[in-house]
Amino acid sequence: MSIDATPEVLAGLDAWRELPAAQQPRWPDDGARRDAVATLATFPPLVFAGECDVLRTRLHDAAEGRAFVLTGGDCAETFAYATADNIRDRIKTILQMAAVLTYGAGVPVVKVGRLAGQYTKPRSSDTETRGEVTLPAYRGDMVNDFDFTLEARTPDPTRMVRAYHNSAATLNLVRAFTTGGFADLRHVHSWNRGFAANQAYSRYESMARDIDKAMRFMAACGADFDAMRTVEFFASHEALLLDYERALTRIDSRTGLPYATSGHMVWVGERTRQLDGAHLDFVSRIHNPIGIKLGPKTSPKDALALIDKVDPDRVPGRLTLITRMGAGTIREALPAIVEAVTAAGHTPVWVSDPMHGNTHTSSTGYKTRAFDDVVEEVRGFFEVHDDLGTVPGGIHVELTGNDVTECTGGSLHIADADLEKRYETLCDPRLNHQQSLELAFLVAEMLSTRDARG
Ligand SMILES: O=C[C@H](O)[C@H](O)COP(=O)(O)O
Ligand SMILES: C=C(OP(=O)(O)O)C(=O)O
Ligand SMILES: [Mn+2]
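All values derive from a computational prediction rather than experimental measurement.

Q: Is there a simple way to explain the coordination of the manganese ion (ligand 3) in this structure?
A: Six octahedral donors at a metal ideally form angles of 90 or 180 degrees, and four tetrahedral donors ideally form angles of 109.5 degrees. For the manganese ion (ligand 3), every protein donor is listed as Cys75 (SG), His356 (NE2), Glu398 (OE) and Asp428 (OD), and the spread of their distances is 2.1 to 2.5 Å. Taking the relative accessible area as the measure of exposure, His356 reaches 17% and is therefore buried.

Below you can see the structure in the form of C-alpha coordinates.
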(Lines give C-alpha, C1' and ligand atoms only; values in the text may rest on other atoms or scores of the structure.)
(Ligands and ions follow the chains in the order given, each with its own letter.)
Protein backbone atom coordinates (compact mmCIF):
# COMPACT_ATOMS: atom_id res chain seq x y z
CA MET A 1 0.00 0.00 0.00
CA SER A 2 1.25 3.44 -0.83
CA ILE A 3 0.91 6.26 1.70
CA ASP A 4 0.36 9.83 0.51
CA ALA A 5 1.84 12.90 2.12
CA THR A 6 -0.58 15.06 4.09
CA PRO A 7 -1.48 18.46 2.59
CA GLU A 8 0.45 20.11 5.46
CA VAL A 9 3.60 18.17 4.63
CA LEU A 10 3.30 19.05 0.93
CA ALA A 11 2.72 22.74 1.64
CA GLY A 12 5.68 22.76 4.04
CA LEU A 13 8.03 21.72 1.24
CA ASP A 14 7.47 25.08 -0.42
CA ALA A 15 7.58 27.24 2.71
CA TRP A 16 11.20 28.19 1.90
CA ARG A 17 9.98 30.19 -1.09
CA GLU A 18 8.75 32.90 1.27
CA LEU A 19 12.05 33.10 3.15
CA PRO A 20 15.35 34.76 2.31
CA ALA A 21 17.51 32.29 0.36
CA ALA A 22 21.22 33.13 0.37
CA GLN A 23 23.59 32.28 -2.49
CA GLN A 24 20.95 31.58 -5.17
CA PRO A 25 21.79 32.34 -8.81
CA ARG A 26 20.13 35.23 -10.55
CA TRP A 27 18.63 33.33 -13.46
CA PRO A 28 18.14 35.76 -16.35
CA ASP A 29 15.04 33.98 -17.63
CA ASP A 30 12.45 32.78 -15.13
CA GLY A 31 10.54 30.86 -17.79
CA ALA A 32 13.63 28.75 -18.52
CA ARG A 33 14.09 28.15 -14.78
CA ARG A 34 10.50 26.95 -14.47
CA ASP A 35 10.91 24.66 -17.50
CA ALA A 36 14.06 23.09 -16.03
CA VAL A 37 12.40 22.54 -12.66
CA ALA A 38 9.35 20.99 -14.34
CA THR A 39 11.63 18.65 -16.30
CA LEU A 40 13.52 17.60 -13.17
CA ALA A 41 10.25 16.89 -11.41
CA THR A 42 9.44 14.21 -14.01
CA PHE A 43 12.77 12.36 -13.55
CA PRO A 44 13.27 9.26 -11.41
CA PRO A 45 14.86 9.71 -8.00
CA LEU A 46 18.62 9.19 -7.80
CA VAL A 47 18.41 7.42 -4.45
CA PHE A 48 15.74 5.47 -2.57
CA ALA A 49 14.42 6.71 0.78
CA GLY A 50 15.21 3.34 2.37
CA GLU A 51 18.90 3.87 1.58
CA CYS A 52 18.79 7.23 3.35
CA ASP A 53 17.32 5.46 6.37
CA VAL A 54 20.16 2.92 6.32
CA LEU A 55 22.66 5.78 6.30
CA ARG A 56 20.83 7.31 9.25
CA THR A 57 21.33 4.13 11.28
CA ARG A 58 25.02 4.06 10.30
CA LEU A 59 25.36 7.67 11.41
CA HIS A 60 23.67 6.86 14.69
CA ASP A 61 26.41 4.26 15.19
CA ALA A 62 29.03 6.92 14.44
CA ALA A 63 27.44 9.35 16.92
CA GLU A 64 27.86 6.72 19.62
CA GLY A 65 31.35 5.55 18.67
CA ARG A 66 30.41 2.29 16.96
CA ALA A 67 31.43 3.57 13.51
CA PHE A 68 33.56 6.34 11.98
CA VAL A 69 32.49 8.47 9.02
CA LEU A 70 34.69 9.30 6.05
CA THR A 71 33.27 11.87 3.65
CA GLY A 72 35.42 12.83 0.69
CA GLY A 73 35.31 14.29 -2.79
CA ASP A 74 35.71 17.41 -4.87
CA CYS A 75 34.96 20.89 -3.65
CA ALA A 76 33.12 21.38 -6.93
CA GLU A 77 32.41 18.51 -9.29
CA THR A 78 32.46 19.47 -12.93
CA PHE A 79 30.73 18.00 -15.96
CA ALA A 80 34.03 17.72 -17.83
CA TYR A 81 35.72 15.74 -15.06
CA ALA A 82 32.88 13.26 -14.54
CA THR A 83 34.79 10.64 -16.54
CA ALA A 84 35.15 6.95 -15.76
CA ASP A 85 38.83 7.30 -14.84
CA ASN A 86 38.32 10.26 -12.54
CA ILE A 87 35.38 8.65 -10.77
CA ARG A 88 37.29 5.39 -10.41
CA ASP A 89 40.35 7.10 -8.96
CA ARG A 90 38.30 9.10 -6.47
CA ILE A 91 36.45 5.97 -5.31
CA LYS A 92 39.73 4.10 -5.10
CA THR A 93 41.21 6.85 -2.91
CA ILE A 94 38.22 6.85 -0.57
CA LEU A 95 38.25 3.05 -0.30
CA GLN A 96 41.98 3.03 0.44
CA MET A 97 41.53 5.68 3.12
CA ALA A 98 38.58 3.80 4.58
CA ALA A 99 40.57 0.56 4.87
CA VAL A 100 43.33 2.30 6.82
CA LEU A 101 40.83 4.14 9.02
CA THR A 102 38.94 0.94 9.74
CA TYR A 103 42.15 -0.55 11.06
CA GLY A 104 42.90 2.53 13.17
CA ALA A 105 39.40 3.02 14.49
CA GLY A 106 38.61 -0.64 15.03
CA VAL A 107 35.04 0.06 13.94
CA PRO A 108 33.31 0.11 10.54
CA VAL A 109 33.93 3.18 8.40
CA VAL A 110 30.83 4.75 6.86
CA LYS A 111 31.87 5.75 3.36
CA VAL A 112 30.25 8.88 1.96
CA GLY A 113 31.22 10.62 -1.28
CA ARG A 114 30.94 14.34 -1.92
CA LEU A 115 29.73 13.44 -5.37
CA ALA A 116 26.83 12.92 -7.77
CA GLY A 117 25.37 16.33 -6.94
CA GLN A 118 28.20 18.56 -5.68
CA TYR A 119 27.70 20.98 -8.56
CA THR A 120 26.85 24.27 -6.84
CA LYS A 121 29.07 26.62 -4.88
CA PRO A 122 28.42 29.45 -2.43
CA ARG A 123 30.85 32.30 -3.07
CA SER A 124 32.36 35.06 -0.97
CA SER A 125 31.69 37.53 -3.76
CA ASP A 126 28.95 37.71 -6.38
CA THR A 127 31.44 38.80 -9.00
CA GLU A 128 34.97 38.07 -10.14
CA THR A 129 37.26 40.71 -11.57
CA ARG A 130 40.21 39.99 -13.86
CA GLY A 131 42.04 43.07 -15.03
CA GLU A 132 39.42 45.49 -16.24
CA VAL A 133 36.66 42.92 -16.58
CA THR A 134 34.09 42.06 -13.90
CA LEU A 135 31.74 39.11 -14.45
CA PRO A 136 29.40 36.99 -12.30
CA ALA A 137 31.35 34.59 -10.06
CA TYR A 138 31.50 30.91 -10.99
CA ARG A 139 28.85 29.16 -8.87
CA GLY A 140 29.33 25.56 -9.91
CA ASP A 141 28.59 23.69 -13.13
CA MET A 142 24.92 23.38 -12.19
CA VAL A 143 24.65 27.17 -12.51
CA ASN A 144 27.24 28.55 -14.94
CA ASP A 145 30.50 27.77 -16.72
CA PHE A 146 33.97 28.60 -15.42
CA ASP A 147 35.17 30.23 -18.67
CA PHE A 148 35.70 33.92 -18.13
CA THR A 149 33.20 35.30 -20.67
CA LEU A 150 29.84 36.91 -20.06
CA GLU A 151 28.08 34.14 -21.93
CA ALA A 152 29.74 31.39 -19.89
CA ARG A 153 29.21 33.10 -16.57
CA THR A 154 25.53 33.88 -17.16
CA PRO A 155 23.46 31.43 -15.08
CA ASP A 156 21.72 28.88 -17.31
CA PRO A 157 18.91 26.80 -15.73
CA THR A 158 19.24 23.97 -18.26
CA ARG A 159 22.46 23.18 -16.40
CA MET A 160 20.32 21.81 -13.54
CA VAL A 161 19.04 19.14 -15.92
CA ARG A 162 22.56 18.38 -17.10
CA ALA A 163 23.70 18.12 -13.47
CA TYR A 164 20.99 15.55 -12.84
CA HIS A 165 22.15 13.41 -15.76
CA ASN A 166 25.79 13.69 -14.73
CA SER A 167 24.87 12.79 -11.17
CA ALA A 168 22.89 9.77 -12.37
CA ALA A 169 25.81 8.56 -14.49
CA THR A 170 28.29 9.15 -11.66
CA LEU A 171 26.17 7.35 -9.11
CA ASN A 172 25.60 4.48 -11.47
CA LEU A 173 29.33 3.98 -11.88
CA VAL A 174 29.94 4.37 -8.16
CA ARG A 175 27.35 1.69 -7.45
CA ALA A 176 29.00 -0.56 -10.06
CA PHE A 177 32.47 -0.05 -8.58
CA THR A 178 31.40 -0.57 -5.00
CA THR A 179 29.26 -3.64 -5.57
CA GLY A 180 30.81 -5.24 -8.65
CA GLY A 181 34.11 -6.49 -7.24
CA PHE A 182 36.35 -3.40 -7.64
CA ALA A 183 36.04 -2.62 -3.91
CA ASP A 184 37.24 -6.07 -2.83
CA LEU A 185 39.15 -5.56 0.42
CA ARG A 186 42.04 -7.65 -0.95
CA HIS A 187 42.50 -5.22 -3.87
CA VAL A 188 42.25 -2.22 -1.62
CA HIS A 189 44.81 -3.70 0.71
CA SER A 190 47.25 -4.39 -2.10
CA TRP A 191 46.90 -0.79 -3.36
CA ASN A 192 47.73 0.41 0.16
CA ARG A 193 50.77 -1.85 0.31
CA GLY A 194 51.99 -0.15 -2.86
CA PHE A 195 51.57 3.27 -1.25
CA ALA A 196 53.44 2.39 1.94
CA ALA A 197 56.26 0.71 0.00
CA ASN A 198 57.24 4.12 -1.41
CA GLN A 199 60.34 5.42 0.37
CA ALA A 200 58.68 8.80 0.99
CA TYR A 201 56.11 7.13 3.19
CA SER A 202 58.35 4.84 5.22
CA ARG A 203 56.90 6.47 8.35
CA TYR A 204 53.69 4.51 7.69
CA GLU A 205 55.33 1.20 6.90
CA SER A 206 54.87 -0.27 10.34
CA MET A 207 51.12 0.39 10.34
CA ALA A 208 50.90 -1.03 6.82
CA ARG A 209 52.72 -4.14 8.06
CA ASP A 210 50.31 -4.44 10.98
CA ILE A 211 47.37 -4.24 8.58
CA ASP A 212 49.01 -6.90 6.46
CA LYS A 213 49.33 -9.16 9.48
CA ALA A 214 45.70 -8.57 10.37
CA MET A 215 44.69 -9.56 6.84
CA ARG A 216 46.72 -12.77 7.05
CA PHE A 217 45.25 -13.52 10.47
CA MET A 218 41.74 -13.09 9.05
CA ALA A 219 42.59 -15.37 6.13
CA ALA A 220 44.02 -17.99 8.47
CA CYS A 221 40.84 -17.89 10.54
CA GLY A 222 38.86 -18.60 7.38
CA ALA A 223 37.30 -15.10 7.05
CA ASP A 224 34.84 -15.01 4.22
CA PHE A 225 36.64 -12.57 1.95
CA ASP A 226 34.03 -13.05 -0.74
CA ALA A 227 31.60 -11.31 1.59
CA MET A 228 33.98 -8.34 1.55
CA ARG A 229 33.85 -7.88 -2.20
CA THR A 230 31.22 -5.17 -1.89
CA VAL A 231 30.95 -2.07 0.25
CA GLU A 232 28.17 0.29 1.20
CA PHE A 233 28.75 3.72 -0.29
CA PHE A 234 26.60 6.81 0.09
CA ALA A 235 26.37 10.06 -1.88
CA SER A 236 26.13 13.52 -0.37
CA HIS A 237 26.36 17.15 -1.44
CA GLU A 238 25.56 20.64 -0.24
CA ALA A 239 21.84 21.39 -0.55
CA LEU A 240 22.49 24.84 -1.93
CA LEU A 241 20.38 25.30 -5.03
CA LEU A 242 16.87 24.97 -3.68
CA ASP A 243 15.13 24.80 -7.06
CA TYR A 244 17.08 21.63 -7.83
CA GLU A 245 16.59 20.09 -4.39
CA ARG A 246 12.88 20.81 -4.28
CA ALA A 247 12.33 19.36 -7.76
CA LEU A 248 14.03 16.11 -6.73
CA THR A 249 12.18 15.84 -3.42
CA ARG A 250 9.76 12.92 -3.46
CA ILE A 251 7.28 11.35 -1.09
CA ASP A 252 8.37 8.00 0.27
CA SER A 253 5.42 5.75 -0.52
CA ARG A 254 6.19 3.56 2.50
CA THR A 255 5.70 6.38 4.98
CA GLY A 256 4.22 9.41 3.22
CA LEU A 257 7.31 11.42 4.25
CA PRO A 258 9.40 13.63 1.94
CA TYR A 259 13.05 12.86 1.07
CA ALA A 260 15.50 14.76 -1.10
CA THR A 261 16.28 12.04 -3.63
CA SER A 262 19.22 13.96 -5.11
CA GLY A 263 21.55 12.14 -2.69
CA HIS A 264 21.49 10.10 0.49
CA MET A 265 22.66 12.92 2.71
CA VAL A 266 22.69 16.66 2.15
CA TRP A 267 24.31 19.39 4.18
CA VAL A 268 23.79 23.11 4.69
CA GLY A 269 26.93 25.21 4.39
CA GLU A 270 28.40 27.85 6.65
CA ARG A 271 27.14 30.62 4.35
CA THR A 272 23.53 29.48 4.12
CA ARG A 273 22.63 28.25 7.59
CA GLN A 274 20.72 31.36 8.69
CA LEU A 275 18.14 30.33 11.29
CA ASP A 276 15.27 32.10 9.56
CA GLY A 277 16.54 31.38 6.08
CA ALA A 278 15.23 29.19 3.29
CA HIS A 279 17.87 26.45 3.49
CA LEU A 280 17.31 25.43 7.09
CA ASP A 281 13.58 25.55 6.62
CA PHE A 282 13.81 23.26 3.59
CA VAL A 283 16.09 20.65 5.16
CA SER A 284 14.05 20.64 8.36
CA ARG A 285 11.19 19.20 6.29
CA ILE A 286 12.98 16.36 4.52
CA HIS A 287 13.84 13.09 6.22
CA ASN A 288 17.37 12.46 4.91
CA PRO A 289 20.31 12.63 7.27
CA ILE A 290 21.31 16.30 7.41
CA GLY A 291 24.70 17.91 7.93
CA ILE A 292 25.30 21.48 9.07
CA LYS A 293 28.66 23.18 8.80
CA LEU A 294 29.83 25.16 11.82
CA GLY A 295 32.52 27.80 11.39
CA PRO A 296 34.70 29.42 14.07
CA LYS A 297 32.21 32.18 14.88
CA THR A 298 29.38 29.80 15.78
CA SER A 299 28.12 30.46 19.29
CA PRO A 300 26.82 27.67 21.53
CA LYS A 301 23.43 29.39 21.35
CA ASP A 302 23.49 29.26 17.52
CA ALA A 303 24.29 25.57 17.61
CA LEU A 304 21.39 24.83 19.96
CA ALA A 305 18.98 26.85 17.84
CA LEU A 306 20.11 25.01 14.68
CA ILE A 307 19.51 21.67 16.35
CA ASP A 308 16.05 22.68 17.52
CA LYS A 309 15.18 23.78 14.02
CA VAL A 310 16.51 20.79 12.08
CA ASP A 311 16.18 17.96 14.57
CA PRO A 312 13.54 18.93 17.14
CA ASP A 313 12.67 15.29 17.81
CA ARG A 314 16.32 14.27 18.33
CA VAL A 315 16.11 11.44 15.82
CA PRO A 316 19.22 9.24 16.22
CA GLY A 317 21.61 9.72 13.28
CA ARG A 318 19.55 12.57 11.80
CA LEU A 319 22.01 15.38 12.43
CA THR A 320 25.72 15.66 11.68
CA LEU A 321 27.52 18.78 12.88
CA ILE A 322 30.54 19.39 10.66
CA THR A 323 32.99 21.68 12.39
CA ARG A 324 35.43 23.69 10.22
CA MET A 325 37.10 26.05 12.60
CA GLY A 326 40.73 26.28 11.48
CA ALA A 327 43.78 24.61 13.00
CA GLY A 328 44.59 27.60 15.18
CA THR A 329 41.04 28.09 16.43
CA ILE A 330 39.48 24.70 16.98
CA ARG A 331 40.81 24.16 20.49
CA GLU A 332 39.28 27.46 21.66
CA ALA A 333 36.11 27.55 19.59
CA LEU A 334 34.84 23.98 19.74
CA PRO A 335 34.62 23.06 23.46
CA ALA A 336 31.86 25.50 24.45
CA ILE A 337 29.74 24.33 21.51
CA VAL A 338 30.17 20.65 22.28
CA GLU A 339 29.48 21.25 25.97
CA ALA A 340 26.28 23.17 25.29
CA VAL A 341 25.01 20.57 22.81
CA THR A 342 25.82 17.72 25.17
CA ALA A 343 24.21 19.49 28.13
CA ALA A 344 21.06 19.90 26.04
CA GLY A 345 20.93 16.11 25.75
CA HIS A 346 21.74 15.91 22.07
CA THR A 347 24.14 13.42 20.49
CA PRO A 348 24.81 14.56 16.91
CA VAL A 349 27.53 13.01 14.81
CA TRP A 350 30.52 15.31 15.31
CA VAL A 351 32.56 15.44 12.12
CA SER A 352 35.71 17.45 11.40
CA ASP A 353 36.06 19.28 8.10
CA PRO A 354 39.73 20.28 8.38
CA MET A 355 39.74 22.04 5.01
CA HIS A 356 37.50 25.10 5.04
CA GLY A 357 38.98 26.85 8.07
CA ASN A 358 42.49 26.51 6.68
CA THR A 359 42.41 28.25 3.31
CA HIS A 360 44.96 30.93 2.43
CA THR A 361 46.61 32.45 -0.62
CA SER A 362 50.07 31.10 -1.46
CA SER A 363 53.04 33.36 -2.08
CA THR A 364 52.53 32.45 -5.75
CA GLY A 365 48.90 33.61 -5.74
CA TYR A 366 47.00 30.32 -5.49
CA LYS A 367 44.15 29.54 -3.10
CA THR A 368 45.70 26.72 -1.09
CA ARG A 369 45.79 24.78 2.19
CA ALA A 370 48.78 23.40 4.05
CA PHE A 371 48.70 19.67 4.73
CA ASP A 372 50.03 20.25 8.26
CA ASP A 373 47.15 22.60 9.07
CA VAL A 374 44.68 19.97 7.90
CA VAL A 375 46.29 17.36 10.14
CA GLU A 376 46.50 19.80 13.03
CA GLU A 377 42.79 20.62 12.88
CA VAL A 378 41.90 16.92 13.05
CA ARG A 379 44.29 16.54 15.98
CA GLY A 380 42.60 19.45 17.77
CA PHE A 381 39.20 17.97 17.03
CA PHE A 382 40.18 14.67 18.66
CA GLU A 383 41.72 16.44 21.65
CA VAL A 384 38.61 18.50 22.32
CA HIS A 385 36.31 15.49 22.15
CA ASP A 386 38.64 13.37 24.24
CA ASP A 387 38.80 16.06 26.93
CA LEU A 388 35.04 16.34 27.02
CA GLY A 389 34.32 12.62 26.78
CA THR A 390 32.33 13.09 23.57
CA VAL A 391 32.68 11.11 20.36
CA PRO A 392 34.69 12.40 17.37
CA GLY A 393 32.59 10.70 14.72
CA GLY A 394 34.42 11.28 11.44
CA ILE A 395 36.19 13.49 8.94
CA HIS A 396 34.99 15.35 5.84
CA VAL A 397 37.67 16.24 3.30
CA GLU A 398 38.02 17.77 -0.14
CA LEU A 399 40.07 15.36 -2.20
CA THR A 400 40.66 13.93 -5.63
CA GLY A 401 42.16 10.67 -6.83
CA ASN A 402 44.35 12.61 -9.22
CA ASP A 403 47.90 13.71 -8.82
CA VAL A 404 47.12 17.43 -8.58
CA THR A 405 49.14 20.14 -6.84
CA GLU A 406 46.59 22.24 -4.98
CA CYS A 407 47.44 21.81 -1.27
CA THR A 408 51.01 22.29 -0.06
CA GLY A 409 53.03 19.91 2.09
CA GLY A 410 52.74 16.22 2.79
CA SER A 411 55.70 13.86 2.54
CA LEU A 412 56.20 14.81 -1.11
CA HIS A 413 56.74 18.41 0.07
CA ILE A 414 54.59 20.28 -2.42
CA ALA A 415 55.77 23.89 -2.19
CA ASP A 416 54.11 27.16 -3.18
CA ALA A 417 56.21 27.12 -6.35
CA ASP A 418 54.80 23.68 -7.30
CA LEU A 419 51.15 24.72 -7.17
CA GLU A 420 51.11 25.92 -10.77
CA LYS A 421 52.10 22.45 -12.07
CA ARG A 422 48.70 20.82 -11.76
CA TYR A 423 46.29 23.25 -10.18
CA GLU A 424 42.97 22.00 -11.59
CA THR A 425 40.25 22.77 -9.07
CA LEU A 426 37.64 25.32 -10.08
CA CYS A 427 36.95 26.27 -6.47
CA ASP A 428 38.81 25.04 -3.37
CA PRO A 429 42.16 23.19 -3.25
CA ARG A 430 41.87 19.43 -2.75
CA LEU A 431 44.21 16.90 -1.21
CA ASN A 432 45.66 14.79 -3.99
CA HIS A 433 45.68 10.98 -3.94
CA GLN A 434 48.91 10.69 -1.96
CA GLN A 435 48.07 13.44 0.52
CA SER A 436 44.67 11.82 1.11
CA LEU A 437 46.25 8.47 1.95
CA GLU A 438 48.81 10.11 4.13
CA LEU A 439 46.04 11.87 6.03
CA ALA A 440 44.27 8.54 6.47
CA PHE A 441 47.39 6.96 7.98
CA LEU A 442 47.85 9.91 10.35
CA VAL A 443 44.21 9.89 11.44
CA ALA A 444 44.37 6.11 11.85
CA GLU A 445 47.34 6.63 14.16
CA MET A 446 45.37 9.20 16.16
CA LEU A 447 42.42 6.82 16.38
CA SER A 448 44.48 3.85 17.49
CA THR A 449 46.36 5.88 20.12
CA ARG A 450 43.05 7.04 21.58
CA ASP A 451 41.94 3.44 21.65
CA ALA A 452 45.04 2.42 23.55
CA ARG A 453 44.42 5.24 26.06
CA GLY A 454 40.81 4.32 26.62
O1 LIG B 1 33.77 25.58 -0.97
C2 LIG B 1 33.61 26.53 -0.24
C3 LIG B 1 33.26 27.85 -0.75
O4 LIG B 1 32.43 27.77 -1.84
C5 LIG B 1 34.50 28.50 -1.16
O6 LIG B 1 35.48 28.35 -0.16
C7 LIG B 1 34.21 29.93 -1.41
O8 LIG B 1 35.28 30.37 -2.07
P9 LIG B 1 35.52 31.89 -2.43
O10 LIG B 1 35.89 32.58 -1.17
O11 LIG B 1 36.64 31.78 -3.42
O12 LIG B 1 34.25 32.41 -3.02
C1 LIG C 1 31.26 25.50 0.86
C2 LIG C 1 31.81 24.55 1.60
O3 LIG C 1 32.06 24.63 2.90
P4 LIG C 1 31.60 25.68 4.01
O5 LIG C 1 30.13 25.85 3.88
O6 LIG C 1 31.98 25.00 5.28
O7 LIG C 1 32.37 26.92 3.76
C8 LIG C 1 32.21 23.24 1.04
O9 LIG C 1 32.11 22.24 1.74
O10 LIG C 1 32.70 23.24 -0.09
MN1 LIG D 1 35.00 23.84 -0.66
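Q: Is there a simple way to explain the environment of Ile211 in this structure?
A: For Ile211, the location among the structural elements is in helix α8 (residues 205-220). Separated by 137 residues in sequence, Ile211 and Asp74 place their C-alpha atoms 28 Å apart.

Q: Looking at this model, I keep getting lost on α8. Mind explaining?
A: An α-helical turn contains 3.6 residues, so a residue and the one three or four places further along point in the same direction. Over its 16 residues, α8 runs 22 Å from end to end, which matches the ideal 22 Å to within 8%, given 1.5 Å per residue. All buried positions along α8 are accounted for by Met207, Ala208, Ile211, Asp212 and Met215. Summarising the axial view, the buried residues of α8 lie within an arc of 145°, below the 170-degree limit, and thus occupy one face. Turned more than 90 degrees from where α8 packs its buried face, Lys213, Arg216, Phe217 and Ala220 sit exposed. At the C-terminal side of α8, Gly222 shows a positive phi close to 85°.

Q: Hey, could you run me through the packing of aromatic side chains in this one?
A: Two descriptors summarise a pair of aromatic rings, namely the distance from one centre to the other and the angle between the planes of the rings. Counted under the stated rule, the structure contains 12 aromatic pairs. For the pair Phe177 and Phe182, a centre-to-centre distance of 4.7 Å together with 45° between the ring planes defines the contact as tilted. Classification of Phe177 by relative accessible area gives buried; the value is 15%. Among the aromatic residues, ring-to-ring pairing joins Phe195, Tyr201, Tyr204 and Phe441 into one connected group. The residue whose ring lies beneath Arg130 is Phe146, and the NZ or CZ to ring-centre distance is 5.9 Å. If you follow Arg153 out to its NZ or CZ, it ends over the ring of Phe146, 5.3 Å from the centre.

Q: Would you explain the site of ligand 2 in this entry?
A: Near ligand 2, the surroundings consist of 13 residues, among which Arg114, Lys121, Glu270, Lys293 and Arg324 are the closest. Arg271 places a side-chain nitrogen or oxygen 3.0 Å from an oxygen atom of ligand 2. In the model, an oxygen atom of ligand 2 is placed 3.0 Å from a nitrogen or oxygen of the His356 side chain. Alone, ligand 2 offers 300 Å² of accessible surface; in the complex the protein occludes 98% of this. Here the residues of the shell around ligand 2 are counted per class, giving 3 nonpolar, 2 polar and 8 charged.

Q: Hey, could you run me through the side chain of Ser362 in this one?
A: Along the chain, the position of Ser362 falls in the loop between β12 (360-361) and β13 (367-368). Separated by 2.8 Å, the side chains of Ser362 and Thr364 make a polar contact. Ignoring sequence-local partners within four residues, the contact set of Ser362 consists of Thr368, Asp416 and Leu419.

Q: So what exactly am I meant to see when it comes to the pairing of strand β14 (residues 392-398) here?
A: A regular strand carries its side chains on alternate faces of the sheet. Counted residue by residue, β14 has 7 buried out of 7 residues, so it is predominantly covered. Direction of pairing for strand β1 (residues 68-73) relative to β14: parallel, over a ladder of 5 bridges. In the sheet register, Thr71 faces β14, and the bridge partner there is His396. As judged from the 3 bridges shared by strand β11 (residues 349-352) and β14, these two strands associate in the parallel manner. Across the sheet, the residue bridging to Trp350 is Pro392, located in β14.

Q: Please explain the pairing of strand β3 (residues 127-130) as it appears in this structure.
A: Pairing of β3 with strand β4 (residues 133-136) involves 4 bridges; the strand directions are antiparallel. Opposite Thr129, over in β4, you have Thr134 as the bridge partner. Where β3 folds back on β4, the antiparallel hairpin that results is connected by 2 residues, among which Gly131 adopts a positive phi of roughly 60°.

Reading the values: rules and limits
- Residues numbered from 1 in each chain as written.
- Chains lettered and ligands numbered in written order.
- Predicted model: local features only at pLDDT ≥ 70, side-chain atom pairs only at ≥ 80, totals over all residues.
- Heavy atoms only, no water.
- Donors = N, O, S within 2.8 Å, 3.2 Å for Na, K, Ca; no water.
- Buried < 20%, exposed > 50% of the residue type's maximum accessible area, 1.4 Å probe, protein only.
- Helix = DSSP H or I, 4+ residues; strand = E, 2+ residues; numbered from the N terminus.
- Expected span 1.5 Å × (residues − 1).
- Arc of directions from axis to C-beta.
- Phe/Tyr/Trp six-rings, centres within 6.5 Å; stacked < 30°, edge-to-face > 60°.
- Lys NZ or Arg CZ within 6 Å of the ring centre and 35° of its normal.
- Near = heavy atom within 4 Å.
- Polar contact = N/O pair within 3.5 Å; in protein donor to acceptor, adjacent residues only side chain to side chain.
- Areas by Shrake-Rupley, 256 points an atom, 1.4 Å probe, with all protein chains shown as cover.
- Nonpolar A, V, L, I, M, F, W, Y, C, P; charged D, E, K, R; others polar.
- Contact = heavy atoms within 4.5 Å.
- Pairing = 2+ DSSP bridges.

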